[in-house]
Amino acid sequence: MSRLVVVSNRVPVQEKKGAASAGGLAVALEAALEKRGGIWMGWSGRINEEGEPGPLSIEQRGNITYALTDLTSKDVDEYYFGFANRMLWPICHYRLDLAEYGRTEMAGYFRVNRFFAHRLAPLIKPDDIIWVHDYHLIPLAAELRRMGIKNKIGFFLHIPWPPADVLFAMPVHEEIMRGLAAYDLVGFQTDHDLENFAGCLRREEMGDMIDEGRFIAGERTFRGGAYPIAIETAAFAEFARRAGSHSMVLKAQQSIEDRSLIIGVDRLDYSKGITQRIDAFEHFVTNNPAHQRKVTYLQITPKSRSEVPEYEAMQRMVAEQAGRVNGALGTVDWVPIRYINRSVSRPVLAGLYRLAKVGLVTPLRDGMNLVAKEYVAAQDPDDPGVLVLSRFAGAARELNGALLVNPYDIVGTSNALARGLNMPLDERRDRWRRMMNHLLEHDVSRWCDDFLGDLAA
Ligand SMILES: O=P(O)(O)OC[C@H]1O[C@H](O[C@H]2O[C@H](CO)[C@@H](O)[C@H](O)[C@H]2O)[C@H](O)[C@@H](O)[C@@H]1O
Ligand SMILES: O=c1ccn([C@@H]2O[C@H](COP(=O)(O)OP(=O)(O)O)[C@@H](O)[C@H]2O)c(=O)[nH]1
């Protein structure tokens, strides 16, 4: 089996041991590299203003060699906060209104990708398979090819891919598309993302699909497919089963008393639909007097990308909104929304998911949304909760036992919440079993095997 070289912006070794990780990418990949061995290269998370980069910092952990590079603050501002998170992220989440195009940021993005390629190339052996992750690093393969690297290189996009009319609002869309064409295999979360990609290629006759899953763009032919990312289902279910004795989970359970728990877990990101969700909850409580004082909505929302102005504004907005709703609906002995701005460790999350009668996952647009899958995996088979899921999350393509909602439809989401809380046990079991069977069969190791199998083929 060939050695695997993974490249991603974030690398989990940069997190302190035992720290709670708030990103799905890290969670999913750790398992894969442990199994196969190889190199994981990425940003150290550190800023180094020296100008000339020092040597890569190398750390061996089990089967994995972590190779990390520092970046300058100019790099981080332009490449990560700038182009990746203020241009590509909003565009790929269909938010043209939030996209900020700056030439400096765009140049910084391509420059940092070139820099990554120069640091990575000396580590690569002829038989290595290279797997690049996410929107931060789209041009990496083109840079490596320019340096003469002929290895198989795959790319997986963790976020949605938009239709042509949205993508083409980005001035450098052609270069980004050409960047993708430099890979041997481009993986998307869903068939819808793949269709959008094919549409973008066709629109200005840049390329086409020549066969099922085979594309041409200019001189290059390459493959593309849908590879929905997954979780370590059995292990997560076991976490949840044991979590009942965790002191934090016990405390939560005691403090909820006999109320029904509704849970939301999201990075504080405008794509996650948190404000619409709070509106839906407010509508639900106001219009269902029988549930007043009988429900607690726990929203766990670690801060994310706070240096980006849209995220900073969002932090204020959600905090104010949660406070306003609690002020309007709460009583001396009942706080309807518990809003937490910190990251919670995965074992505790697993226990909280299991306590919750409803998992409320309502992004306006999301590549996959691993929280939806974790919520299902964490349920008690004898008395499972109900997943209320946005039709615009990648997970909605797979989780056919969920109550699907349009997150922009506040009344519709409120009705789904009511239906979830009142659902008879038999229906809950049927719905949960369908989803759990799917998640057990399609877990994260299968996701890796599928992608790497196709890349190696
Ligand atoms: O690294 P950050 O800027 O702090 O952001 C965290 C991660 O957010 C994004 O997650 C996506 O990947 C998940 C797993 O495939 C998927 O379920 C979710 O829908 C996506 O939003 C981002 O793509 C990662 O690169 C970030 O590390
Ligand atoms: O306090 C938290 C909040 C989230 N997560 C984890 O962060 C991931 C979020 O992934 P998702 O795909 O839902 O969204 P993303 O943040 O990657 O856009 C999930 O595995 C969660 O369990 C966590 O460990 N602690």
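Residues numbered from 1 in each chain as written. Chains lettered and ligands numbered in written order. Predicted model: local features only at pLDDT ≥ 70, side-chain atom pairs only at ≥ 80, totals over all residues.

As recorded in an unreviewed UniProt entry, the chain goes by the name Trehalose-6-phosphate synthase, listed as coming from Rhizobium mesosinicum. UniProt, in the comment section headed Subunit (unreviewed entry), describes the chain in these words: "Homotetramer." In its Pathway (unreviewed entry) section, the UniProt record describing the chain reads: "Glycan biosynthesis; trehalose biosynthesis." (UniProt positions renumbered as here; feature names shortened; annotations may be inferred.)

K.L.:
Even after reading the chapter, I still don't get the overall build of the chain, so can you show me in this structure?
P.N.:
When you go through the chain residue by residue, the secondary structure sums to 16 helices and 16 strands. Taken against the 2.2 N^0.38 rule, which gives 23 Å for 457 residues, the C-alpha radius of gyration of the chain at 22 Å falls within 12% of a compact globule. Considering only C-alpha atoms, the chain reaches an extent of 65 × 50 × 45 Å along its principal axes. Taking all 457 residues of the chain together, 47% fall into the buried category. For the chain, contacts bridging at least 24 residues in sequence account for 77% of all contacts bridging at least 6. (Helix = DSSP H or I, 4+ residues; strand = E, 2+ residues; numbered from the N terminus. Rg over C-alpha atoms; globule rule 2.2 N^0.38 Å. Buried ≥ 20, exposed ≤ 12 C-beta atoms within 10 Å, placed from the backbone. Contact = placed C-beta atoms within 7 Å.)

K.L.:
What am I meant to see in the packing of helix H2 (residues 73-92) against helix H3 (residues 103-120) here?
P.N.:
A packed helix pair is summarised by two numbers, namely the angle formed by the two axes and the spacing between the axes. Two elements in contact, H2 and H3, have axes separated by 8 Å at closest approach and are oriented at 110°. Considering their axes alone, H2 and H3 lie roughly perpendicular with respect to each other. Across the interface between the two elements, Lys74, Asp75, Glu78, Tyr79, Gly82, Phe83, Ala84, Arg86 and Met87 of H2 pack against Thr104, Glu105, Met106, Gly108, Tyr109 and Val112 of H3. Looking at the contact of H2 with H3 residue by residue, the class counts come to seven nonpolar, three polar and five charged. (Axes fitted to C-alpha atoms, helices over the stretch in contact; angles between N-to-C directions. Parallel < 35°, antiparallel > 145°, perpendicular 65-115°, else oblique. Nonpolar A, V, L, I, M, F, W, Y, C, P; charged D, E, K, R; others polar.)

K.L.:
Honestly, helix H10 (residues 274-287) in this entry has me stumped. Any pointers?
P.N.:
Given 3.6 residues per turn, any residue in an α-helix points the same way as the ones three and four places further on. Its 14 residues give H10 an end-to-end C-alpha distance of 20 Å, which sits within 8% of 20 Å, the value for a rise of 1.5 Å per residue. Restricting attention to buried positions, one finds in H10 the residues Ile274, Arg277, Ile278, Ala280, Phe281, Glu282, Phe284 and Val285. Against the buried residues of H10 lie strand E11 (260-265), strand E12 (295-300), helix H11 (309-329), strand E13 (337-340), strand E14 (358-361) and helix H14 (410-422). (Expected span 1.5 Å × (residues − 1).)

K.L.:
In this structure, what is going on with unusual backbone geometry? I would like to understand it.
P.N.:
Peptide bonds are, in most cases, trans, and in most cases residues other than glycine have a negative phi. The phi dihedral of Tyr94 is positive, around 65°, even though this residue is not glycine. Here Tyr94 shows up in the loop between H2 and H3. Phi is positive for Asn369, which is not a glycine, with a value near 90°. Secondary-structure assignment places Asn369 in the loop between E14 and helix H13 (370-377).

K.L.:
It is not clear to me how the nonpolar core should be interpreted in this structure. Could you clarify?
P.N.:
Side chains of a nonpolar character, in soluble globular proteins, are inclined to be buried together. In this structure, Val7, Ala372, Leu387, Val388 and Leu389 are the most contacted members of the largest nonpolar core, which totals 141 residues. There are two domains that each give this core at least three residues, and those are domain 1 (4-230 + 444-456) and domain 2 (233-441). Other than its neighbours up to four places away in sequence, Ala372 contacts Gly359, Val361, Leu387, Leu389, Ala393, Ala395 and Leu399. (Core = buried A, V, L, I, M, F, W, Y, C linked by C-beta atoms within 7 Å. Domains from an automatic or database assignment.)

K.L.:
Whenever I open this one, the confidence of the model for the chain confuses me. Can you help?
P.N.:
For the chain, the average pLDDT comes to 93, and 96% of its residues sit at 70 or higher. Here helix H1 (residues 24-36) is the element of the chain with the lowest mean pLDDT, 69, and strand E15 (residues 386-390) is the one with the highest, 99. Overall fold confidence (pTM) sits at 0.96, and the ipTM for the predicted complex is 0.98. (pLDDT = per-residue confidence, 0-100.)

K.L.:
Any chance you could explain the domain arrangement of the chain here in plain terms?
P.N.:
Assigned domains within the chain: domain 1 (4-230 + 444-456) and domain 2 (233-441). Centre-to-centre, using C-alpha coordinates, domain 1 lies 30 Å away from domain 2. Counting residues at the interface gives 19 residues for domain 1, matched by 22 residues for domain 2. At the level of elements, H1 and H2 are the ones that each hand at least two residues to the side of domain 1 that touches domain 2. Considering every element that reaches the side of domain 1 that touches domain 2, the biggest residue donor is H2, with three residues.

K.L.:
Sorry, what's going on with the sheet that holds strand E2 (residues 38-47) here?
P.N.:
The strands that make up a sheet are held in pairs by hydrogen bonds between backbone atoms, and each pair lies either parallel or antiparallel. What the 10 strands build is an open sheet, ordered E3-E4-E2-E1-E5-E6-E7-E10-E9-E8; its pairing is mixed. Sheet topology places strand E3 (57-61) and strand E8 (207-211) at the edges, where each strand pairs with a single neighbour. Averaged over all neighbouring strand pairs, the angle between strand axes comes to 25°, with direction disregarded. Alignment of strand E7 (residues 185-188) against strand E10 (residues 220-226), held across four bridges, turns out to be parallel. From the neighbouring strand, Leu185 faces E10, where its bridge partner is Arg223. Sitting on the sheet, helix H7 (residues 191-203) touches E7, E8, strand E9 (214-217) and E10, and the angle it makes with E10 is about 155°. (Pairing = 2+ DSSP bridges.)

K.L.:
Please explain the packing of helix H8 (residues 233-242) against helix H12 (residues 346-355) as it appears in this structure.
P.N.:
Contact geometry of H8 with H12 gives a least axis separation of 8 Å together with a crossing angle of 75°. Relative to H12, the element H8 is oriented roughly perpendicular. Taking contact as the criterion, the partners of Phe236, Phe239 and Ala240 in H8 are, on H12, Arg346, Pro347, Ala350, Gly351, Tyr353 and Arg354. In terms of residue class, the contact of H8 with H12 is made up of six nonpolar, one polar and two charged.

K.L.:
What exactly am I supposed to notice about the environment of Glu232 here?
P.N.:
Within the fold, Glu232 resides in the loop between E10 and H8. For Glu232, a count of 18 C-beta atoms within 10 Å corresponds to the partly exposed category. Sequence-distant contacts of Glu232, that is, excluding residues within four places in its chain, are made with Ala31, Asp443 and Val444.

K.L.:
Would you mind going over the environment of Arg220 with me for this structure?
P.N.:
Considering the arrangement of structural elements, one finds Arg220 in strand E10. You can call Arg220 partly exposed: it has 15 C-beta atoms within 10 Å. On a C-alpha basis, the gap between Arg220 and Gly207 in space is 9.3 Å, while along the polypeptide they are 13 residues apart. Excluding anything up to four places from it in sequence, Arg220 contacts Ala181 and Ala182.

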